[in-house]
Number of protein chains: 2
Amino acid sequence: MTSNQTMLKMVFDRWYGALKNWDALLTAISDEQLQKEIAPGKNRGIYLLGHLIAVHDDMLILLDMGDKLYPELHRTFLASPDKAIASIPSAKELRAYWTKQCEVLKQKMESLKPEEWFEKHTAVSAEDFSKEPHRNKLNIIITRTTHLAYHTGQLVLLK
Amino acid sequence: MTSNQTMLKMVFDRWYGALKNWDALLTAISDEQLQKEIAPGKNRGIYLLGHLIAVHDDMLILLDMGDKLYPELHRTFLASPDKAIASIPSAKELRAYWTKQCEVLKQKMESLKPEEWFEKHTAVSAEDFSKEPHRNKLNIIITRTTHLAYHTGQLVLLK
């Protein structure tokens, strides 16, 4: 048996490392560059930023950490493809949302006790969880880390 | 304490899931498409494929699983940027290398006992590992999963 704390360190090192990589890119990219498509005919940088905020807002629900901060972004950045909705927040606004959301998530995540990360997330029933104990809160961090890395590989193309 | 097996399932579900996503894309993309740049002036698809094979070959060393399968790829796809070396393997050859390497890695990974994943990888000293037990073999899988996801987010642009 390995301690839960070792496992938490492995997972959160990657989560915070992936956020750091994204943030370094976001800082290096101007608001004007964010309006550009990552490749011809593909998503714009600004859509990727809004999309990540919408996905990370869902983490608050999945982790049972309260309400979403920006529920209005779901329609624009999750339920719709890029350019389907004409009126979207500015790059400046989305940057501010992102910074705020990262702070809130970090604070809420740090308030959990180690063993609580191995409890079920909200999208799995108690019955299913008894058979599938890997469907825990920590697994939400693992899957969202690869999601973040996927889109970081795209944002870097605007640099 | 949570069982090591639950942790292994969480990590390997993401690793094999990320490989499946990459493979589905690779199957959907022709050899001709692989010769294209993912975005103007950026890496070609074929470079990403070679790069992943070179990085996963290094996993064999880090996990103490024997020699690399394709050590000659290191210079072209890790030590050099795309287009720096004119003569590279064909898409057909790299696809065959990739398939073979995935099989070998899977076989070797499945031969490890659960507790062995929490032993040190080869790039950390025994002394450092005693202070930093998260620098274990399983952590290599976690970091290479996000690496794979990062480049999958790029390969998808050729589709």
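Residue numbers here run from 1 along each chain, matching the order of that chain's written sequence. Chains and ligands are labelled by the order in which they are written, letters from A for the one and numbers from 1 for the other. For a predicted model such as this one, the threshold for reporting local features is a pLDDT of at least 70, and the threshold for listing and counting side-chain atom pairs is 80 or more; totals across whole chains, interfaces and linings nevertheless cover every residue.

Here the focus is the overall build of chain A. Scanning chain A from N- to C-terminus turns up 7 helices and 0 strands. Comment: elements are numbered from the N terminus, with helices defined as DSSP H or I runs of at least four residues and strands as E runs of at least two. Its helices and strands in sequence order give chain A the pattern α-α-α-α-α-α-α, from N to C terminus. When the backbone C-alpha atoms are referred to their principal axes, chain A occupies close to 50 × 25 × 25 Å. In this scheme the burial state of a residue depends on its C-beta neighbours within 10 Å: 20 or more other such atoms mean buried, 12 or fewer mean exposed, and anything in between means partly exposed; the C-beta positions come from the backbone. Counting the 159 residues in chain A, one finds 34% classified as buried. Counted over contacts in chain A with a minimum sequence separation of 6, partners at least 24 positions apart contribute 64%. Contact criterion: two residues are in contact if their C-beta atoms, reconstructed from the backbone, are within 7 Å.

Right, let's get into the interface of chain B and chain A. Contacts between the two partners involve 29 residues from chain B and, on the opposite side, 30 residues from chain A. Of all the secondary-structure elements, those providing two or more residues to the side of chain B that touches chain A are helix 1 (4-28) and helix 7 (137-155) of chain B. In terms of residue count, helix 7 of chain B provides more of the side of chain B that touches chain A than any other element does, 12 residues in total. Taken together, the residues that form the side of chain B that touches chain A break down as 13 nonpolar, 12 polar and 4 charged. Asp, Glu, Lys and Arg are counted as charged, while Ala, Val, Leu, Ile, Met, Phe, Trp, Tyr, Cys and Pro are counted as nonpolar; the rest, among them Gly, fall into the polar class.

Now for the packing of helix 3 (residues 45-62) of chain A against helix 5 (residues 91-110) of chain A. Residues and elements named next belong to chain A. As a packed pair, helix 3 and helix 5 sit with axes 10 Å apart at the nearest point and diverge in direction by 30°. The angle between helix 3 and helix 5 places the two elements in the roughly parallel class. Remark: the crossing between helix 3 and helix 5 carries left-handed chirality. Residue-level inspection shows Ile46, Leu49, Gly50, Ile53, His56, Asp57 and Met59 of helix 3 in contact with helix 5, the latter providing Ala91, Leu94, Tyr97, Trp98, Gln101 and Leu105. For helices, the fitted line uses only the C-alpha atoms of the stretch in contact; every axis is such a line through C-alpha atoms, and the angle between N-to-C directions lies from 0 to 180 degrees. Throughout this description, any angle smaller than 35 degrees is read as roughly parallel, any larger than 145 degrees as roughly antiparallel, any in the 65 to 115 degree range as roughly perpendicular, and the remainder as oblique. Put simply, a crossing is left-handed when the front helix is turned counterclockwise from the back one by less than a right angle, and right-handed when it is turned clockwise.

Turning our attention to the relation of the copies chain B and chain A. Once turned by 180° and shifted 0.0 Å along the axis, chain B lies on chain A with an RMSD of 0.0 Å. Overall, the copies show the geometry of a two-fold rotation axis. Minimal C-alpha distance to the rotation axis in chain B is attained by Tyr150 of chain B, lying at 2.1 Å. A high fraction, 100%, of the interface residues of chain B reappear at the interface in chain A, so the copies pair face to face through one surface. Our superposition of the copies is a least-squares fit, built on the C-alpha atoms of residues whose pLDDT is at least 70 in both.

Residue and element names in this part refer to chain B. You can see Val124 is positioned in the loop between helix 5 (91-110) and helix 6 (126-131). Using a count of 18 C-beta atoms within 10 Å as the deciding quantity, one classes Val124 as partly exposed. As for Val124 and Arg135, which are separated by 11 residues in sequence, their C-alpha atoms are 7.1 Å apart. Ignoring any residue separated from it by four or fewer positions in sequence, one finds Val124 in contact with Phe129 and Arg135.

Our next topic: the environment of Met7 of chain B. With respect to the helices and strands, the residue Met7 of chain B is situated in helix 1. Distance from Met7 of chain B to Leu138 of chain B, taken between C-alpha atoms, is 9.4 Å for residues 131 residues apart in sequence.

Residues and elements named next belong to chain A. Residue Lys83 is not a glycine yet carries a positive backbone phi of 75°. Structurally, Lys83 is set in the loop between helix 4 (73-77) and helix 5. Given 11 C-beta atoms within 10 Å, Lys83 falls into the exposed group.

It is worth spelling out the environment of Asn43 of chain B at this point. Residue and element names in this part refer to chain B. By the secondary structure assignment, Asn43 is in the loop between helix 2 (31-34) and helix 3 (45-62). The exposure class of Asn43 is partly exposed, given the 19 C-beta atoms found within 10 Å. Setting aside residues no more than four positions away along its own chain, Asn43 makes contact with Glu37, Ile38, Leu48 and Asp82.

Let us look at helix 1 (residues 4-28) of chain A. Helix length check: helix 1 of chain A, at 25 residues, gives a terminal C-alpha distance of 36 Å against a target of 36 Å (1.5 Å per residue), a fit within 8%. Among all positions in helix 1 of chain A, only Met7, Met10, Val11, Arg14, Trp15, Ala18, Trp22 and Leu26 of chain A are buried. Turning to helix 1 of chain A, the residues buried within the fold contact helix 7 (137-155) of chain A together with helix 1 and helix 7 of chain B. Here, expected helix span is obtained from the residue count minus one, scaled by 1.5 Å.

Along helix 1 of chain B, the residues classified as buried are Met7, Met10, Val11, Arg14, Ala18, Trp22 and Leu26 of chain B. Buried positions along helix 1 of chain B lie against helix 1 and helix 7 of chain A together with helix 7 of chain B.

Before going further, it helps to spend a moment on the confidence of the model for chain A. One number per residue, pLDDT, summarises how confident the predictor is, and it ranges from 0 to 100. Looking at chain A, pLDDT values average 97 and 99% of them are 70 or higher. What the predictor reports for the complex is a pTM of 0.97 with an ipTM of 0.97.

Once that is clear, we can look at the packing of helix 1 of chain B against helix 7 of chain B. Residues and elements named next belong to chain B. Contact geometry for helix 1 and helix 7: axes closest at 9 Å, N-to-C directions at 25°. Taken together, the axis directions place helix 1 and helix 7 in an arrangement best described as roughly parallel. Taken as a pair, helix 1 and helix 7 cross one another with a handedness that is left-handed. Contact residues: Val11, Phe12, Arg14, Trp15, Ala18, Leu19, Asn21, Trp22 and Leu25 in helix 1; Leu138, Ile141, Ile142, Thr145, Leu148, Ala149, Thr152 and Leu155 in helix 7. Of the residues assigned to the contact of helix 1 with helix 7, the class counts are 13 nonpolar, 3 polar and 1 charged.

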